[in-house]
Amino acid sequence: MSLETIAAGIRKALETRRFSGTLKFDCGPAGVIVLADGTATTEDRATDCTLTISEENLGKLLAGKLNPMTGVMLGKLKVSGDLGVAMGLARLLS
């Protein structure tokens with residue numbers, strides 16, 4: 001699944017759910033998805049929190065097949081910046 005497709009799905013979720021702060025999924029060479037200002041985009045910018053994750057694991061995370069805590073413990077997900085913003089992601093994913 002492409003990052004643009006994933007971003008489109010997140011945009012749809014943001015139509016009915018609220019997300020505070022700014023967050024970036026950094027998928028390395030594949031690109032980024034930035035959640036900010038009530039939308040999701042693949043344009044890079046500075047954010048409050050960055051989650052470094054592979055494109056494959058991002059798909060698993062958003063599909064509920066990768067638990068965020070397990071991902072961190074296994075090194076599949078790295079969090080930097082404001083952890084409160086990262087915690088707010090759970091509300092968006094539920």
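Structural data are supplied above this passage.
The shown structure was predicted, so the numbers you read here are calculated from the model rather than taken from an experiment.

Topic: the sheet that holds strand S3 (residues 39-41)
And then number 1: The sheet built from five strands is open, its strands ordered S3-S2-S1-S4-S5 with mixed pairing. Two strands bound the open sheet, and with one partner strand each, they are S3 and strand S5 (77-81). This sheet shows a mean twist of 15° between the axes of neighbouring strands, independent of strand direction.
And then number 2: Pairing of strand S1 (residues 23-26) with strand S4 (residues 49-53), which is carried by four bridges, proceeds in the parallel orientation. Residue pairing in the sheet places Phe25 in a bridge with Leu51 of S4.
And then number 3: In the packing of helix H2 (residues 55-62) onto the sheet, contacts are made with S1, strand S2 (32-36) and S4, and the angle to S4 comes to roughly 110°.

About the thresholds
Residues numbered from 1 in each chain as written. Predicted model: local features only at pLDDT ≥ 70, side-chain atom pairs only at ≥ 80, totals over all residues. Heavy atoms only, no water. Pairing = 2+ DSSP bridges. Helix = DSSP H or I, 4+ residues; strand = E, 2+ residues; numbered from the N terminus. Axes fitted to C-alpha atoms, helices over the stretch in contact; angles between N-to-C directions. Contact = heavy atoms within 4.5 Å.

Just geometry here; none of it tells us what the structure is for.
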